[in-house]
Structure formats: C-alpha cells, structure tokens
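# A closer look at the structure
Chain by chain, the residues:
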Amino acid sequence: AGPVQVQLVVPMAVVFAPGSVPRDLPRPLPFRDVQEMEISVNLRSSVTSRYEMRYRSTTAQEEAALAAATAREADAALYPLQDTTLGSLTMYVVPETSSLLPQGINVYVGKHRSALLRAEGGLAALQARLREVTQLMSFTATSIAAALSDRVPDGQLGPDARRSLKSSLGYEITFSLLNPDPKSHTVDWDIEGAVNRFVKPVLDKLSLVANFSVDSQILYYAVLGVTPRYDKESSSFLLSAHSLPHVINPVEARLGSSAASLYPVLNFLLYVPERSHSPLYIQDKDGAPVSTNAFHSPRWGGIMVYNVEAPASPQASLPVHVDVDMARVMEVFLAQLRLLFGLSREEVPPEFLLESPGNEGLADWELDHLLWAHTVENIATVSTTLTSLAQLLDKIGNIVIKDDVASEVYRAVASVQSAVTELSLGHLLAAFQASKEAVTCSERAFFDPSLLHLLYFPDDQKFAIYIPLFLPMAVPILLSLAKIVRETRLRKKEPTKMD
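Conventions used here
- Residues numbered from 1 in each chain as written.
- Predicted model: local features only at pLDDT ≥ 70, side-chain atom pairs only at ≥ 80, totals over all residues.
- Heavy atoms only, no water.
- Domains from an automatic or database assignment.
- Contact = heavy atoms within 4.5 Å.
- Buried area = accessible area lost by both parts, 1.4 Å probe.
- Salt bridge = Lys/Arg side-chain N within 4 Å of Asp/Glu carboxyl O.
- Nonpolar A, V, L, I, M, F, W, Y, C, P; charged D, E, K, R; others polar.
- Core = buried A, V, L, I, M, F, W, Y, C linked by side-chain atoms within 4.5 Å.
- Buried < 20%, exposed > 50% of the residue type's maximum accessible area, 1.4 Å probe, protein only.
- Helix = DSSP H or I, 4+ residues; strand = E, 2+ residues; numbered from the N terminus.
- Pairing = 2+ DSSP bridges.
- UniProt positions renumbered as here; feature names shortened; annotations may be inferred.
- Axes fitted to C-alpha atoms, helices over the stretch in contact; angles between N-to-C directions.

Here the focus is the domain arrangement of the protein chain. Frequently, the measure chosen for interface size is the accessible area removed from exposure when the parts meet. One can read the domain layout of the protein chain as domain 1 (6-149 + 346-367) and domain 2 (170-341). Between the C-alpha centres of domain 1 and domain 2 the distance comes to 38 Å. Taken together, the contacts link twelve residues of domain 1 with nine residues of domain 2. Buried surface at the junction of domain 1 and domain 2, summed over both partners, amounts to about 790 Å²; 57% is from carbon and sulfur atoms. Contact with domain 2 buries surface across domain 1, with Glu360, Leu362 and Leu367 losing the most and accounting together for 51% of the total. Our enumeration of links across domain 1 and domain 2 arrives at three salt bridges. The salt bridge partner of lysine 205 is glutamate 360, with a shortest N-O separation of 2.8 Å. Its residues assigned to classes, the side of domain 1 that touches domain 2 shows five nonpolar, three polar and four charged.

Below is the structure:
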C-alpha cells in the first residue's frame, strides 16, 4: 500500500487564571507555541502530531466562571465561552491552592472539550502535564497505531488494539432476547422504550461518525453451546472464562444472517437461562464471579446472562412471568458498546478526574477521539484500495475503464488529499467528512460491475471457450480457401493462347 503521511494538528488554548502563571514563561502572555511529536507506526506510514498552543490569561467572564463552587459547575459555565470546534481543546490552569479540584486531583476533564489543571512548579512540569491531558482527550500513539492496525506488524500492538471495530460508514445493532425455556418463563422486555431512553442519545451523538440502524428480536429455544458446570457450594451453575468463546457459535447460527448486511453488525444478547440451569453465573479467569454477569467479544458484541428469581414454592404455576429490568441491562450493553468503539476509560492516572458523560453516553472529546482515529484509518484504507485497484488494472491488459470509474478514482484521490490538508489545518470535522467521501468513492470504483467480469475472463480463457465453437466451422472454410488458392495458381501457370 502507498505511504501514508499525515500530520494531525490539534488547536489548543492554554488559559491561565490569576495566580497560576508559571514564573519561567519565555515571554509575556499572550504568545503561541508549537510542539511536535512523531508517532512511529511502521516504515511506510508516518504520522506527526502537532499541538498548536495559544497561551493567554483568563477573560473577566472566564474568571467569573472559574469562581464556581465545584469543577462540574465551572465546566458548565465555561462551555459557552470556549472554542467548541471538533478536535480543539481548551485547558484552564487554576492556582495550586484552588478548591475547585478535590484533594489529590490535579486534572479534571469535563464533558466537553476542556480540562482544568492545577498549576504546579514551572513551565516544564506544566507542559508534561498538558501533553498527558491532550493525548487522553485527542489521540495517543496507541489509538493511531490501532487505527492503522492492518499496516502494523502484529507484535507491536497491545491486546486491545484489535478489540475495537473497524471504521465503517454504518453499523447495524441487533438486540436479541434468548429464551431457551418458554415453558418455564414468559419474558417481557420493553426494548423499544429502552432503546429510546438509553441507546438513542448515544447514537444521536455518534451519528457524526456513522449511520446506525437498530433492531431487536426474541428467539425461543435458543440454547448456549456450552453446558454450565454445577457448583454445590453456591448451588448455582457456572460458566468459566475459557468456555465463553464456545458459547457464541451455536447462538450465532440462530441470530439471522449478518452476511446480507452491508455494514458490520453488533449483537447484544440477553440470555435468560432455562430453569434446569438457574441461576447461572459467569466466572472470570481467576474463578471469581463477574459482577455484571456479562462478557463481550471483540468486534462482535456482547452477551448478558439474566437470572430469574426461582418461585418460592415448587408448586407455583409455570410459566413464571418475568419483567426485565431494562435499566440494568442497558447499562451493561452501553458499556460494551463503548468498548467495541474503543472508548474504554481504563488507563487514566489516579490524579485525573473524568466527568461522567451522563445520558449522552460519551463526552465531546471522546467523540473527537473516535473521529481522529477513524479519519486516519479511512485515509489508510483508501490508499490501500486505490493501490490494489491500480495493481489489478496493470495485470489485465485488455481492460476498458469507463469514465464513471475513472471519475470515482479521481474523486477518491482528491478527497484523500483534501482530508490530509484539513488535518494539517486542524479542521477535524472537514477532514473526517472528506475521508468518508474518499472511502465511498474508492469502494465504488473498486467494486464497479464493469471491472468485475473482466477478472473472470482472462485471454487464455476466451481462447479455451471459443476454439471448440469455431473449429467445426473453420475446417470446411479452410479447405475451400485452400481449393481456391490452388485453382488461382493453376490458372496463372496456364499460358494464355495467342490468336
């Protein structure tokens, strides 16, 4: 694949509250500074990150907002005053003694695109801290390497790099309720209400990234492919961590075909165990019970086991009516959805406090995090697709490239160039949209039907097909041609009679 050379530019404002300005600033405020870092992915792809910082003092309005009682209130008051373009960041530096940040917390990351930092020591210490926060809020070397995972040697990536989904123009989400034992349980779940209440706000926020469609189904008599182990001590059934991979295949056969779908399908399954295997608990690798009673499979989806209270008296009439607590279920499924999109919040230093995104499911900066990664991935995908297409066309000598295919290729190239340019200007949204357009055009060109049939009919195959058809006709034609040639020769040899 062709070389990918991208410069990711993050526009940043570093705003000093009174009493927080480091003594060793190189020149008086306001001033600009640029920091560049090379993200080494592999030999063919070079990605540079460039933080364009504007250092300045707070305005009167910002100062008033920072006088709030808590960091959360300050964050809400500062939001209307800051640059909210996608991919930009605002860092507010507050004095060391500020009571805005709780004890032991030096960095507060808000719901939008800003953070509060406690001033400490000189400029060098501040810049190191700034670098930590900006990487958390925009992109890290690992998130970019994971986006380019198809181009990175396997050994260099962490185990999580291949967990998140590939960039796509759309995703299909399917919620399935599995009731293997309808004779014992009648299960009701208000999936429509739950999707509107819990899932829709998240998908509305993600609608910038891709199109989503959501559907749901109830499957009866669908059992897990693994028989759980009975545990006498807890008088319950257990699924051990190493048996979990075997649970998915048999269930997947019942889920309906995802092969017919254009887009990646995410499956979220709620499994109500049959009466003979209740209650059922999932164990982790160390044999401890998993608190959510759920597990997820990278790039596929997640499964949650939902135990039903056993009826108090054995004579109770069956089937037992079960009303699923959708809030509990959706909390687990949304956490799994975040994992599948690579938005997990595990690797945060202890002195960082991250505001929970609330019912939107993800903070503005997390959305940017996705857009940075997907833009780089799209650019790499297009360059791979177009390179493959060029190599293919080189091999087929007699190929006719129609104008519309050519124009799709030109548009794809122009869109990739535009995406790279927009990235280097720090315009994340425009860059992402251009990269999406480039993917669409390059796929259309690559899978154009006019190119497809030529792949299956190389020249030697044509000869193999047509020779048997033409030979029987050709024999009499060739014989009569030979006869004509012979006769003409004889005629030439005969001397013309002279009168």
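So, on to the nonpolar core. With 95 residues, the main nonpolar core has Phe175 and Met330 as its most contacted residues. Top element by residues in this core is helix α8 (residues 364-395). It accounts for ten residues. Counting only domains with at least three residues in this core, you end up with domain 1 (6-149 + 346-367) and domain 2 (170-341). Those residues within four positions of phenylalanine 175 in sequence are excluded, and the remaining contacts are Trp189, Ile191, Val195, Val199, Val214, Asp215, Ser216, Gln217, Phe268, Met330 and Phe333. Among the nonpolar cores identified, the runner-up in size contains 20 residues, and Leu178, Phe237, Val251 and Leu280 belong to it.

We now examine the pairing of strand β7 (residues 170-179). Of all ten residues in β7, nine are buried, a share of seventy percent or more. Strand direction decides the pairing type here: β7 and strand β9 (residues 211-220), joined by ten bridges, are parallel. By the bridge assignment, leucine 178 is partnered in β9 with leucine 219. Examined bridge by bridge, β7 and strand β12 (residues 265-271) share seven bridges and lie parallel to one another. Considered in β12, the bridge of leucine 177 is made with leucine 270.

Listed under "transmembrane region" (unreviewed entry) in the UniProt record, and renumbered for this structure, are residues 463-485. Across residues 463-485, the secondary structure splits into 100% helix and 0% strand, with the terminal C-alpha atoms separated by 28 Å.

Turning our eyes to something else, we now look at the sheet that holds strand β10 (residues 229-231). One open sheet accounts for three strands, arranged β10-β11-β13; its pairing is mixed. Of all the strands in the sheet, the pair left with one neighbour each is β10 and β13 (280-282). Between one strand axis and the next, the sheet turns by 40° as a mean value, whatever way the strands run. With three bridges connecting them, strand β11 (residues 236-239) and β13 associate as parallel partners. Each bridged residue has a counterpart across the sheet, and for leucine 239 the counterpart in β13 is isoleucine 282.

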